[in-house]
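# Structure at a glance
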Amino acid sequence: MGINMKKYDVVALGELLIDFTENGTSGQGNPIYEANPGGAPCNVLSMLTKLGHKTAFIGKVGQDIFGNRLKKTLDEVGIDTSNLVMDEEVRTTLAFVETFPDGDRDFSFYRNPGADMMLHEDEVQLELVKDTNIFHFGTLSMTHEEVRNATKKAIAAAKEAGAVISFDPNLREPLWKSLDDAKEQVAYGLSQCDVLKISDNEIQWFTGEEDYDAGIAKLRQQYDIPLIMLSMGKDGSRAYYKDLRVEVRPFIQENTIETTGAGDTFGGCCLHYVLENSLHNLNEQNLTEMLTFANAAASIITTRKGALRVMPEEAEVRELIEEFGGRQ
């Protein structure tokens, strides 16, 4: 895979936005929202940066309070922002997240339009895409034609340059005109990727199969994806690679407060293992270690508000695994 030959380990394209998450109530009984920097692709990059990888982000924010703050945040955590475009016309995308007592979430997006969906294909700096070992994307950059064209152009350039293509559908239903549209774009992503991170509800929705293994089998019949990671929330995770199926239990913690960014943290850790071991030489032990580490890191993120700024250090993750007796 030419590891270490390229300038970047992982380049991601997609949304960078503000997640307003509830943080208590005011004296008048109104909810207080905290402005957390968010956006799945950058969460993934933030985790990878914590693990010592060189990353870059391609996307667009508004030239406004939040856009400036987001740029500053990425610079702070060490993600290259040379292709973060600041738009003077369109505002930064905002998401309001409501967390239910069981930790599940509901999203309200302010994106009509939002800057992230206004990235033009001619604004993508292809030299970044050609100089990375892994190129990562999701479907929020596939909801509208403009940014979809930019995404497809970047994927094509990355593929041509020999990058491993990583995809996380990260389905957000309210952002699609119809779920048929969403299905079409997820299918496109599946047809392009070498590494897929998909959640339990996404696999059921896309394949119509209740049973996860049956859903994955259906996917693999249709798409040639070497490595698939399935995240199952409180039930842990699975990896499917060649004829291997590896399952690892979750690390359940009592002080979990919200699940924002847990899937991205998990995905970032899995890409770390792909970078360390290459996509062609994984075995059952690698995959078990990968899922154990990724589950533990995701568990830590559920005990913190937001994700991008508060990704765990490798030592913290190892400590938690140790605490649980290194088991799985």
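It should be emphasised that the depicted structure is a prediction, and the values quoted were computed from it without experimental measurement. (Residues numbered from 1 in each chain as written. Predicted model: local features only at pLDDT ≥ 70, side-chain atom pairs only at ≥ 80, totals over all residues. Heavy atoms only, no water.)

## Describing the layout of surface pockets
One number sums up the size of the second largest pocket: a volume of about 150 Å³. Around the second largest pocket, the lining residues are Ile18, Glu34, Ala35, Asn36, Pro37, Arg69, Leu70, Lys72, Thr73, Glu76 and Arg309. For the lining of the second largest pocket, the secondary-structure elements that each account for two or more residues are β3 (31-38) and α2 (65-77). Here the element with the most residues in the lining of the second largest pocket is α2; it accounts for five residues. Among the residues forming the lining of the second largest pocket, the class breakdown is four nonpolar, two polar and five charged. (1 Å grid on protein atoms, 1.4 Å probe; cavity = no way out; pocket = protein on both sides within 12 Å on 5 of 7 lines; lining within 4 Å. Points joined across faces, edges and corners; volume = space filled by probe spheres on them. Helix = DSSP H or I, 4+ residues; strand = E, 2+ residues; numbered from the N terminus. Nonpolar A, V, L, I, M, F, W, Y, C, P; charged D, E, K, R; others polar.)

## Description of a negative patch on the surface
A grouping of Glu98, Asp102, Asp104 and Asp106 is seen on the molecular surface, where their side chains present a negatively charged patch. The topology assignment puts aspartate 104 in the loop between β6 (94-99) and β7 (105-110). Note on aspartate 104: relative accessible area 46%, which makes it partly exposed. (Patch = residues over 30% accessible without salt bridge, like charges linked within 9 Å, V, L, I, M, F, W, Y side chains within 5 Å. Areas by Shrake-Rupley, 256 points an atom, 1.4 Å probe, with all protein chains shown as cover. Salt bridge = Lys/Arg side-chain N within 4 Å of Asp/Glu carboxyl O. Lys, Arg positive; Asp, Glu negative; His and termini not counted. Charge placed at Lys NZ, Arg CZ, Asp CG, Glu CD. Buried < 20%, exposed > 50% of the residue type's maximum accessible area, 1.4 Å probe, protein only.)

## Some details on the sheet that holds strand β12 (residues 237-241)
In space, the nine strands of this open sheet follow the order β5-β4-β1-β8-β9-β10-β11-β12-β13, with mixed pairing throughout. Since the sheet does not close on itself, it has two edges, and those belong to β5 (80-87) and β13 (244-248), each with one partner. Shown here is a sheet whose adjacent strand axes are inclined to one another by a mean of 15°, direction ignored. With six bridges connecting them, strand β4 (residues 55-62) and β5 associate as parallel partners. Counterpart to isoleucine 58 in the pairing with β5 is asparagine 83. Contacts from helix α1 (residues 40-50) reach β1 (8-13), β4 and β8 (132-138) within the one sheet, and its direction differs from that of β4 by about 145°. (Pairing = 2+ DSSP bridges. Axes fitted to C-alpha atoms, helices over the stretch in contact; angles between N-to-C directions. Contact = heavy atoms within 4.5 Å.)

## Observations regarding empty space enclosed by the protein
Summed over all chains, the structure comprises two cavities of 30 Å³ or more. Of the voids in this model, the largest cavity is the one considered here, and its volume is about 60 Å³. What lines the largest cavity is a set of 13 residues, and nearest its centre among them are His136, Ser166, Asp168, Lys197 and Gly267. Elements with a minimum of two residues in the lining of the largest cavity: β9 (164-168), β10 (195-199) and α8 (262-277). The biggest single contributor to the lining of the largest cavity is α8, with five residues.

## Some thoughts on the pairing of β1
Most of β1 sits inside the fold, with six of its six residues counted as buried. Bridging between β1 and β8 involves five bridges; their strand directions are parallel. Counted as the bridge partner of alanine 12 is histidine 136 from β8. Looking at chain direction, β1 and β4 are connected through four bridges and run parallel.

## Description of the packing of aromatic side chains
Any pair of aromatic rings gets described here by the distance separating the centres and the angle formed by the planes. Enumeration over the complete set of coordinates arrives at 10 aromatic pairs. Ring pairs connect the aromatic residues Phe20, Tyr33, Phe66, Phe96 and Tyr110, which therefore count as one cluster. A cation sits over an aromatic face here: lysine 152 above tyrosine 188, 4.4 Å from the ring centre. Over the face of the ring belonging to tryptophan 205 we find lysine 183, whose NZ or CZ atom lies 5.2 Å from the ring centre. (Phe/Tyr/Trp six-rings, centres within 6.5 Å; stacked < 30°, edge-to-face > 60°. Lys NZ or Arg CZ within 6 Å of the ring centre and 35° of its normal.)

## What about the pattern of salt bridges?
According to the stated counting rule, one finds 15 salt bridges in the structure shown. With its nearest N and O atoms 2.7 Å apart, the salt bridge here joins aspartate 116 to arginine 111. Of the charged contacts, one joins arginine 245 and aspartate 213 as a salt bridge, the two residues approaching to 3.0 Å between their closest N and O atoms. Of this pair, arginine 245 sits in strand β13 while aspartate 213 sits in helix α7 (residues 212-222), placing them 32 residues apart in sequence. On the basis of relative accessible area, arginine 245 is assigned to the partly exposed category, the value being 39%. By relative accessible area, which is 28% here, aspartate 213 ends up partly exposed. Residues participating in the shared-partner salt-bridge network are Asp213, Arg238, Arg245 and Glu247.

## Quick notes on the pairing of β10
In terms of burial, β10 is largely enclosed, as five of its five residues are buried. Of the two faces of β10, the one lined by Val195, Lys197 and Ser199 and the one lined by Leu196 and Ile198 are each fully buried. Inspection of the sheet shows β9 paired to β10 by two bridges, in the parallel sense. Pairing of serine 166 across the sheet is with valine 195, part of β10. Following the backbone out of β9, through helix α5 (residues 179-192) and into the adjacent parallel β10, one traces a crossover that is right-handed. Pairing of β10 with strand β11 (residues 227-231) involves five bridges; the strand directions are parallel. Counted as the bridge partner of leucine 196 is isoleucine 228 from β11. (Right-handed = clockwise from strand over helix to strand, strands pointing away.)

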